[in-house]
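Here are the chains, one letter per residue:
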Number of protein chains: 2
Amino acid sequence: METTTSTPTHWYNIVPDLPAPPPPPLRPGTREPVGPDDLAPLFPAELIAQEVSAESFLPIPEEVREVYRLWRPTPLIRARRLERALDTPARIYVKYEGVSPVGSHKPNTAVPQAFYNARQGIRRLTTETGAGQWGSALAFACSQFGLDCEIWMVRASYDQKPYRRSMMELYGARVHASPSPRTTFGAKALAETPGSPGSLGMAISEAVEAAAPEDTHYALGSVLNHVLLHQTIIGEEALEQLTALGETPDLVVGCTGGGSNFAGLTFPFLRERLQDRMRPRILAVEPAACPSFTRGRYAYDFGDTAGLTPLLKMHTLGHDFVPDPIHAGGLRYHGMAPLLSHLYEQGLFQAIAKPQRECFEAGVLFARTEGIVPAPEPTHALAATIEEARRATEPKVILTALCGHGHLDMAAYDRYLSGEMTDHALPEDRLAAALSHLP
Amino acid sequence: METTTSTPTHWYNIVPDLPAPPPPPLRPGTREPVGPDDLAPLFPAELIAQEVSAESFLPIPEEVREVYRLWRPTPLIRARRLERALDTPARIYVKYEGVSPVGSHKPNTAVPQAFYNARQGIRRLTTETGAGQWGSALAFACSQFGLDCEIWMVRASYDQKPYRRSMMELYGARVHASPSPRTTFGAKALAETPGSPGSLGMAISEAVEAAAPEDTHYALGSVLNHVLLHQTIIGEEALEQLTALGETPDLVVGCTGGGSNFAGLTFPFLRERLQDRMRPRILAVEPAACPSFTRGRYAYDFGDTAGLTPLLKMHTLGHDFVPDPIHAGGLRYHGMAPLLSHLYEQGLFQAIAKPQRECFEAGVLFARTEGIVPAPEPTHALAATIEEARRATEPKVILTALCGHGHLDMAAYDRYLSGEMTDHALPEDRLAAALSHLP
């Protein structure tokens, strides 16, 4: 832990700094823009206001900062041992979010979401979770503000990852395997396919349906503007920490699934570049098995598989695309945050895709040099960081984010170390078929 | 993370501050004191010197401090939410060691042990591990100093906890299920009991046997003076952090297995008390299923089950006592560090025993209030902390250590939350039988 500073007082909203605002979400039927009233049954007024805010800096409530202080500021690590192993003139900095209670960056948004809902008198939050990272974060956040928390966890993960479920229950949440008989949608799915392994799309449908009572809202862990906003605390802290060290990044690298970790790390640095205070290159790294930036289409599509959400203008592989079962479960999303997609179209950052074995190789090297076992998701950013550092012929500063530790992902490392892991290329015809289903 | 400071430059050796030194280890045959020459085949000269040092403060080598900086100083957390939940006037501070790469306090000693061995030209370290915490720490430390690491892991754990094994392999260690055919002792054990589940005693015997080559040494994760010495960085940091806050502890509470975490936390505060600068009460908390302080005998006994080690004067339940399979695997040791045993006999601290369900109840309350999921071992200290805080009728300052996170122990929480966990009382006749085998 090389440097720590105080916690920032504001989140950063990049939208006012852009030449043009991102295209709005649309109602599927009429293709008219979605308004605040459409969102009110699911989200509290404060989050809806943040979703469309024109302010550059939004204050972090003191009640949220008090919870952030349990693990924030997170450390910025100078990876000197990794630099030596690579024999690189580059200086590598890693912003480490794995020190949070659940071991990832997800509580950065779960905490304010729980807070704003509690302040508006909401009693219960529902959500879906795949591997359980987001569900754990929301369960923790709800325990901080006295909210009930009900989570639909994809059946396959519910059966295979009982310890993530235990963690949610430890924080007091109720966890259902999805599809579940508790919702009309789930009961119907079970009737059609007894023993269904479920999907994130189904789990979203159940969580949204279960949010119908007046005292209940729904919470989402990525994709939406307010989620990206809350995650900017990562980049704001990193900017402060680098500045204190007298460093200016030449390159900022992050992994992208739905996009919240990447946006959180990079938006403050994009601001600095847009305002001509520094000129870092920004690089997004996605899995080759789920390459929404590099091979997807920029189009209006549904955020979920079942087609229940508004239409979002984003880079998408098609809403019914099912990524291969790579170990970086947090990056297996068919779409991309609309705000990030908009920035990408404007050429504000670049994107590359990496196969998973190269990523795990980077994760092993990082663990053996710097000690920390990275979660499979940020190994994508590490792989690109290592590639760039190896290429460097003169000193440069690279910043990346380690958005979680891998202590709950040792099975994946086991497969890699035993030589059983395979890469998953995405055949052109499979991609074309998924894209042909765009609405 | 409420306060952090710089990393201390010295470890603290309590021995010179004691009215009398602890009784020496003895050779089993002659019952004469063990000398440095007896230890030289297993340990480097610097560690043997630390084992018997008469200096109060031993400098931490810069190479070790450089690795410590990967996670040190560790946070000192004011547990305000826990205080509120308990409605206590007490102020509770928690020194959190779970931010280390392997998630526990064990690297505090693994790193200097690897360093001193490497500096002496040793190429390979051997050790045993039960649940895998110590093995992970030594594997990490060896990766930092370019040492080979070979670990004998109790067969039952090897089969049941594959992810701890994966973590050791991730750091580059070789892991063998014990008993193994790789040693004479292991081959004999396997011949006698094919499919033996192993024991820590057997694993120690194999690791010691495998340390026979000249370029190979053995490493131990608790019990010995030099191990306790290295862990005092915990208490030194906590003392600095509390002082910076203007706080003086009235009570310092730690859990005890072999004793290294407890000694590391409390020795600096015992020094302050011995030198009349503060008057904290010091409390050790052990599992009711393995109560060496509260129900063991203070006698010379073997450190291992097979009787291969020197005789150690310590609180012991008998070297062939096998504790019930409680989830706090790190506290399942029949003996206690001789130095701690000596201090206990002199009345320098008190000890109590706790059944495991009360401990897990404390762990759940801590997770729901403070967010961090504690490992099963420190829930013992938390249970006592909570009991003392509930009893408090006026402001007092309680300090405890959370020596590891529980992300790899969710199966235990699962059993607790599902109501399947039981307590393990230790019947008087079983204890008497084990004590009757003292040498």
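The name given to chain A in an unreviewed UniProt entry is Tryptophan synthase beta chain, and the organism recorded there is Actinomadura namibiensis. Regarding chain A, the relevant UniProt record gives this comment under Subunit (unreviewed entry): "Tetramer of two alpha and two beta chains."

## Remarks on the overall build of chain A
Looking only at helices and strands, chain A features 18 helices and 14 strands. Over its C-alpha atoms chain A spans a radius of gyration of 20 Å, differing by no more than 12% from the 22 Å that the globule rule assigns to 439 residues. Along the first, second and third principal axes, the C-alpha atoms of chain A reach 60 × 50 × 40 Å. Here chain A holds 439 residues, and 63% of them are scored as buried. A separation of at least 24 residues holds for 76% of the contacts in chain A among residues at least 6 apart in sequence. Accessible area for chain A stands at about 15100 Å²; split by element, carbon and sulfur atoms hold 51% of it. The average position of the 39 basic charges and that of the 50 acidic charges among the side chains of chain A differ by 3 Å.

## So, the sheet that holds strand S4 (residues 91-96) of chain B
All names here are of chain B. Overall, mixed pairing links the six strands, which are arranged S3-S4-S14-S9-S10-S13 in an open sheet. Of all the strands in the sheet, just strand S3 (76-78) and strand S13 (350-354) have a single pairing partner and so form its edges. For this sheet the average axis-to-axis angle between neighbouring strands, irrespective of direction, equals 25°. Pairing geometry for S3 and S4, over three bridges, is antiparallel.

## Structural notes on the packing of aromatic side chains
Residues and elements named next belong to chain A. The final tally for this structure, using the stated rule, is 26 aromatic pairs over all chains. Where Phe293 meets Phe349, the ring centres are 5.4 Å apart and the plane angle is 75°; that geometry is what we call edge-to-face. Linking Phe293 in helix H13 (residues 292-295) with Phe349 in the loop between helix H14 (338-345) and strand S13 (350-354), this pair joins segments that are 56 residues apart in sequence. Geometrically, the ring pair formed by Phe360 and Tyr413 is edge-to-face, given 5.1 Å between the ring centres and 75° between the ring planes. Placement of Phe360 in helix H15 (residues 356-370) and of Tyr413 in helix H17 (residues 410-417) is noted, with a sequence separation of 53 residues between them. Tyr413 carries the same exposure label as Phe360, and that label is buried.

Procedures and definitions
Residues numbered from 1 in each chain as written. Chains lettered and ligands numbered in written order. Predicted model: local features only at pLDDT ≥ 70, side-chain atom pairs only at ≥ 80, totals over all residues. Heavy atoms only, no water. UniProt positions renumbered as here; feature names shortened; annotations may be inferred. Helix = DSSP H or I, 4+ residues; strand = E, 2+ residues; numbered from the N terminus. Rg over C-alpha atoms; globule rule 2.2 N^0.38 Å. Buried < 20%, exposed > 50% of the residue type's maximum accessible area, 1.4 Å probe, protein only. Contact = heavy atoms within 4.5 Å. Areas by Shrake-Rupley, 256 points an atom, 1.4 Å probe, with all protein chains shown as cover. Lys, Arg positive; Asp, Glu negative; His and termini not counted. Charge placed at Lys NZ, Arg CZ, Asp CG, Glu CD. Pairing = 2+ DSSP bridges. Axes fitted to C-alpha atoms, helices over the stretch in contact; angles between N-to-C directions. Phe/Tyr/Trp six-rings, centres within 6.5 Å; stacked < 30°, edge-to-face > 60°.

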